[in-house]
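# Report on the structure
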Amino acid sequence: MSTAAADAALPRPARRRDSALRRFMRHRLAVFGTVVIGLLALACAVGPYLLPFSDTEIDIMQRFAPPFSGAHLLGTDPLGRDILARILMAGRISLSVGFAAMAISMVIGIAVGLVAGYYGGWLGTVLMRFVDAMLCFPSIFLLLAVSSLIGPAVGSIILLIAVTSWMEVARIVEAQIRALKARDFAVAAEALGASDARVMTRELLPNAIAPIVVAATLNVAHAILAESYISFLGYGIQPPTPSWGNMLDNAQSYLTSAPWLAIFPGAAITLAVTSFNFIGDGLRDALDPRMGGR
Amino acid sequence: MDGMVTGDPALLEVRDLRKWFAGPRPGPFRPRAKVHAVDGVSFDIRRGEVLSLVGESGSGKSTVGRTVLRLARPDGGSIRFGGTDITGLSRDALRPFRRRMQLVFQDPYASLNPKMTVEEIVGAPLAIHEPSTSAAERRRRVEEALSLVGLLPSHITRYPHEFSGGQRQRLGIARALILRPELLIADEPVSALDVSVQAQVVNLMLDLKERLGLTILFISHDLAVVGHISDRIAVMYLGRLVEVAPTQALFATPRHPYTEALLSAVPIPDPTVRRERIVLVGDVPSPLNPPSGCRFRTRCRYALPACAEAPPALREVAPGHFKACIRDDIALASPTSVAA
Amino acid sequence: MPDLPMPLDTRPALLAEDEVLSVRDLSIAFHTPAGALPAVRDVSFTLRRGETLALVGESGSGKSVTSLGILRLTPRAPFCRITGQVLLRGHDGRVRDLVSLPEDEMRDVRGRDAAMVFQEPMTSLNPVHRVGDQVAEAIRFHEGLGRRAALTKAAELLELVGIPDPRRRLSSYPHEMSGGMRQRVMIAMALSCEPQLLIADEPTTALDVTIQAQILDLLRRLQERTRMAVIFITHNLGVVAEIADRVMVMYSGRVVEQAPVRPLFGAPLMPYTRGLLRSVPRLDMAGRERERLQAIPGAVPDPLAPPPGCSFAPRCGHFEPGLCDAAVPGLDLARPEHLVRCVRWPELARNAA
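Residues numbered from 1 in each chain as written. Chains lettered and ligands numbered in written order. Predicted model: local features only at pLDDT ≥ 70, side-chain atom pairs only at ≥ 80, totals over all residues.

### Things to note about the overall build of chain C
In terms of helices and strands, chain C carries twelve helices and twelve strands. Taken over the C-alpha trace, chain C has a radius of gyration of 21 Å; the compact-globule value for 353 residues is 20 Å, and the two agree within 12%. Overall size of chain C, expressed as C-alpha extent along the three principal axes, is 65 × 50 × 45 Å. A total of 353 residues make up chain C; the buried ones form 51% of that total. The long-range share in chain C, meaning contacts at least 24 apart out of those at least 6 apart in sequence, stands at 63%. (Helix = DSSP H or I, 4+ residues; strand = E, 2+ residues; numbered from the N terminus. Rg over C-alpha atoms; globule rule 2.2 N^0.38 Å. Buried ≥ 20, exposed ≤ 12 C-beta atoms within 10 Å, placed from the backbone. Contact = placed C-beta atoms within 7 Å.)

### Comments concerning the overall build of chain B
A count of helical and extended segments in chain B gives ten helices and twelve strands. Scaling as 2.2 N^0.38, a compact globule of 340 residues should have a C-alpha radius of gyration of about 20 Å, and chain B matches this with 21 Å. For the C-alpha atoms alone, the extent of chain B along its principal axes is close to 70 × 60 × 50 Å. Counting only residues that meet the buried cut, chain B has 50% of its 340 residues in that class.

### A look at the confidence of the model for chain B
Per-residue pLDDT for chain B averages 88, and the proportion of residues at 70 or more is 96%. Taken as a whole, residues 1-7 of chain B scores under 50 in pLDDT and shows three contacts with residues more than four places along the chain or in a different chain. (pLDDT = per-residue confidence, 0-100.)

### A closer look at the packing of helix α3 (residues 28-50) of chain A against helix α13 (residues 260-287) of chain A
All names here are of chain A. In contact at an axis separation of 7 Å, α3 and α13 are set at 135° when each is read in the N-to-C sense. Compared by their axis directions, α3 and α13 come out oblique. The crossing of α3 and α13 is left-handed. Note on element contacts: α13 touches α3 through L271, A272, S275, F276, F278, I279, D281 and G282, opposite L29, A30, F32, G33, T34, V36, I37 and L40. Of the residues assigned to the contact of α3 with α13, the class counts are eleven nonpolar, four polar and one charged. (Axes fitted to C-alpha atoms, helices over the stretch in contact; angles between N-to-C directions. Parallel < 35°, antiparallel > 145°, perpendicular 65-115°, else oblique. Left-handed = near helix turned anticlockwise from the far one by under 90°. Nonpolar A, V, L, I, M, F, W, Y, C, P; charged D, E, K, R; others polar.)

### Quick notes on the confidence of the model for chain C
Residue and element names in this part refer to chain C. With 93% of its residues at a pLDDT of 70 or more, chain C has an overall mean of 86. When the criterion is pLDDT under 50, residues 1-12 qualifies, and its contacts beyond four places in sequence or with other chains add up to eleven contacts. Across the interface, the model reports ipTM at 0.83; the global pTM reads 0.81.

### Overview of the sheet that holds strand β1 (residues 19-32) of chain C
Residue and element names in this part refer to chain C. Read from one edge of the open sheet, four strands run β2-β1-β4-β5, paired in antiparallel fashion. Of all the strands in the sheet, just β2 (35-48) and β5 (95-97) have a single pairing partner and so form its edges. Pairs of neighbouring strands in the sheet enclose a mean axial angle of 5°, with direction left out of account. (Pairing = 2+ DSSP bridges.)

### Focus: the pairing of strand β9 (residues 232-237) of chain B
Residue and element names in this part refer to chain B. Of all six residues in β9, six are buried, a share of seventy percent or more. Burial of β9 is two-sided: the residues R232, A234 and M236 facing one way and the residues I233, V235 and Y237 facing the other way are all buried. The pairing of strand β3 (residues 50-54) with β9 spans four bridges and is parallel. Pairing of L51 across the sheet is with R232, part of β9. Direction of pairing for β9 relative to strand β10 (residues 240-246): antiparallel, over a ladder of six bridges. By the bridge assignment for β10, V235 is matched with E243.

### Quick look at the packing of helix α4 (residues 131-143) of chain C against helix α5 (residues 147-160) of chain C
All names here are of chain C. The N-to-C vectors of α4 and α5 enclose an angle of 110°; their axes lie 8 Å apart at closest approach. Relative to α5, α4 is oriented roughly perpendicular. The interaxial crossing formed by α4 with α5 has right-handed handedness. Between α4, through G132, V135, A136, I139 and R140, and α5, the contact on the second element is made entirely by R147, A150, L151, K153, A154 and L157. Here the contact of α4 with α5 is built from residues that sort into seven nonpolar, one polar and three charged.

### As for the sheet that holds strand β5 (residues 84-85) of chain B
Residue and element names in this part refer to chain B. With antiparallel pairing, the four strands of this open sheet are ordered in space as β2-β1-β4-β5. A strand with exactly one partner marks an edge of an open sheet, and here the two such strands are β2 (34-46) and β5. Pairing analysis gives two bridges linking strand β4 (residues 76-81) to β5, with the strands arranged antiparallel. Looking at the pairing, R80 lines up with D85 of β5.

### Structural notes on the pairing of strand β9 (residues 246-251) of chain C
All names here are of chain C. Buried residues dominate β9, accounting for six of its six residues. Here β9 shows two buried faces, one formed by R246, M248 and M250 and the other by V247, V249 and Y251. Across four bridges, the pairing between strand β3 (residues 52-56) and β9 is parallel. Bridge pairing links L55 to M248 in β9. Summarising the sheet, β9 and strand β10 (residues 254-260) pair through six bridges and their orientation is antiparallel. The residue bridging R246 from the neighbouring strand is P260, located in β10.

### Topic: the environment of L170(C)
Residue and element names in this part refer to chain C. Here L170 is to be found in the loop between α6 (166-169) and α7 (179-191). Put simply, L170 and L151 are 19 residues apart on the chain and 8.0 Å apart in space, counted from C-alpha to C-alpha. Discounting residues that sit within four places of it in the chain, L170 has contacts with R130, V131, G132, L151, A154 and A155.

### Considering the nonpolar core
Counting residues in hydrophobic clusters, the biggest one holds 286 residues, and the most contacted among them are A174(B), V235(B), L241(B), V135(C), A154(C) and V247(C). No other element matches the 18 residues that helix α4 (residues 83-119) of chain A contributes to this core. (Core = buried A, V, L, I, M, F, W, Y, C linked by C-beta atoms within 7 Å.)

### Examining helix α5 (residues 121-136) of chain A
Residues and elements named next belong to chain A. Counted at 1.5 Å a residue, the expected span for α5 with its 16 residues is 22 Å, and the 23 Å between its end C-alpha atoms agrees. Residues L127, M128 and V131 constitute the buried set of α5. Buried residues in α5, looked at end-on, bunch into an arc of 90°, giving them a common side. Turned more than 90 degrees away from the buried face of α5 sit W122, T125, V126, R129, D132, A133 and C136, all of them exposed. On its buried side, α5 packs onto α4 and α8 (167-181). (Expected span 1.5 Å × (residues − 1). Arc of directions from axis to C-beta.)

### What to know about the interface of chain C and chain B
Each side of the interface is counted separately: chain C has 38 residues, and chain B has 41 residues. Secondary-structure elements contributing two or more residues to the side of chain C that touches chain B are α8 (209-226), α9 (237-243), α10 (261-266) and α11 (271-279) of chain C. In terms of residues, the side of chain C that touches chain B owes the most to one element, α8(C), which gives six residues. Taken together, the residues of the side of chain C that touches chain B sort by class into 17 nonpolar, 13 polar and eight charged.

### Quick notes on the environment of R41(C)
Residue and element names in this part refer to chain C. Relative to the helices and strands, R41 resides in strand β2. Along the sequence, R41 and G84 sit 43 residues apart, while their C-alpha atoms lie 9.8 Å from each other. Apart from the residues within four sequence positions on either side, R41 is in contact with S27, G253 and R254.

### Overview of α8(A)
All names here are of chain A. Taking 1.5 Å as the rise per residue, α8 with 15 residues should run 21 Å; its terminal C-alpha atoms sit 21 Å apart, in good agreement. Taken together, the buried positions of α8 are occupied by M167, V169, A170, R171, V173, E174, Q176, I177 and L180. Residues of α8 that are buried make contact with α4, α5, α9 (184-191), α10 (196-204) and α11 (209-232).

### Comments concerning the environment of G23(B)
Residues and elements named next belong to chain B. Relative to the helices and strands, G23 is located in the loop between β1 (10-22) and β2. Under the C-beta neighbour-count criterion, G23 is labelled partly exposed, with 15 such atoms within 10 Å. Taking C-alpha positions, G23 is 9.7 Å from P287, a pair spaced 264 residues apart along the chain. Those residues in contact with G23 that sit more than four places away from it in its chain are R32, A33, K34, V35 and L288.

This is the structure in structure tokens:
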């Protein structure tokens, strides 16, 4: 046993590897995106309490006030409501719709992908063909048709977006699990007599977390965009509750006379969506195990 | 569990084991071809014995190991462990047997979950089989298992990537031994390691065998390592056993032409030893369409027309020495006889 | 004391008549976020026509990087720095220094003057092209033959490396061949332009022993025919004993011992070489007595945090504090053609005798 003890006496120092956080911080656009989303969320959360105007306060005397000219920083809309206040309130709706839809779609996608990837066989085939079928369906029409049927409300919009956006996640998880399942450590757990649930949740899922996190980020961006689409088309969040999408809808008729009605909510959507995409890219680089040695 | 088993010394009895995999479809609507990875393998392992299963890639040696552990369902034959037939047991019924037979893997990098600490990895068998174990007790037993394989108890909070290849293989062995199993199946446990580290792990396994009275099924392609560690050796070729013999007998007097060729192909690390080398022609035939009769006959220099007729049975030609070859009239060379 | 260490003499600037390759003070360092990682340090050796030099070492010893560095197949400049000299005699008899050669001339050297065979033939062959086209491509690139002529020559080469029915095999894809056949194809490609130097990087490690025997036989036969010089990289000491004329043992980036094959196996001077030889289970000793293998304790050092002095010191049974960890020992010419990097070798050789 002397050799064994000597081996133990020489513990290898931990590899000085870059942490995921440091790699993420090196990704400038991702850091920018994180800051933007942070500020946006903060502004939406506390901003409305600080502003002198509420988002529903109608001021007929101040209709179509241009931005940067008077008391209304970003101008007013056809009813004289403050654009900034409306954008911040709409942000609350849009961002929460985005996050909530993402959370639900992740739960569905991970569950389907995990089961399909782990069990494979006919069950896996059926589940993944169902995923393919869902992907073939033009989700925007589904969204519009169903929301016109069940009547638009924030809860149903969230559910609808989630139900049409979990398929990518399911595919990613399925592919990951299928590859991981064949790795020796998963076989080792099985040889020990571990239950399916334990192998799936303790052994496999933690190793697939990186692509899942990336997909989650991109899913938020997708959900915000989807909510904007359907609200813009009038089937989403209903006035007077503001959302970035229905603000754009209202601005349509005044594009030439009062362009700021469209520019500010449009900018908010672009900013939020691109920021989430940047964060997703940064996370992908930061969490990719190939980037940081073993 | 059983207490003393005196009547039956064999811990593992494998009879006529068969395992096939689905091959390609010959046509779009035809059934899949069957690849016979293991085709009628029988052997026993006595308690406290090290039996090695040797063969080249495609011989089916690893499939035998995994089928014995019931990680793959056998398609024929029977597996008896400690006197109980485990061939058809359900997952739940298998669980008590799982803790009595453990597996050590070839790749020390792939077989440890990179997201878990040493405590979680080595303690996983406890969490599964003795979930009521307290955290303190679990920690104590993990530390004990670590020192058993020559690692420090302080390594308990580390992750696999902080260890060298040899140390990881020790972790894999610690995980396999924490429940004190009776049978250890080691699937090429040293093939991925550097030469100097390989010797450490071979020595460790021999130590543990003596200290814990382990029974080991050692699966390997490396005859030199196998010759060092085993009591008996079983040679496989294309899914079948061709020769089974005590280690010394196999090296001194190989009885099967494939064993002879295999032994002569292993290079000996001594430039002064010059041997006549038997170079086998061609490759191992495809298991999709194996030769009739003796599967080795297409590459055998002693093959006769009769070899194509029926698969030769494994028969005892000397005490404890079995071979599956119809030719008894040939004298085969051995590496030890040349060096002596 | 007859065994006094002698300093290495400085060699003449050009290659001797029968020498094909001379590597002088070759160092290769990789640039990593954690700092410069010296993978190979001060490697020097020469290789004569028809000679086989085995490069032996464990993972991280730098043996593969050395071979890649000779052909400048390591990553380009900012990521990897190569210093020293690699003098190679080309097919035209001219001697070039490969370290300073422009990239376009280097391309002409690779494959034509010096070729390489890798461990995993599946990843070195392109899976989407037919084997014949890949072999013919190498010939056309260097010799400017037409497609038809190149294919004819490819078939001859496949026959030379012992592939049955070579004409038909030209139209096979790599995945349709076995590992041994693919390695034969790789060797055929390497030999297509009759190089002066063949570098074989663990060419038989991924193969079964019976196939390994075939490939070793093939390489030996081809070498007798073409008189090419071979650098054979392996960790398998049995293969070394069988194929090498001279052996160079590397440990954590440095050559620690170099000698003709018989003295190296018969009377190794460096404790690491000795330990390595003793830790290998031997087939011809198998089953005789069940004594423990003599393992070398510990593991190879972290290249980013090497121990002071001799890099083998922490694992060495003859470690002497204050002596072995004081400075990196020099490479001594212990006996004719036998170099060793160990401060204690004269003492240890005397004790062993």
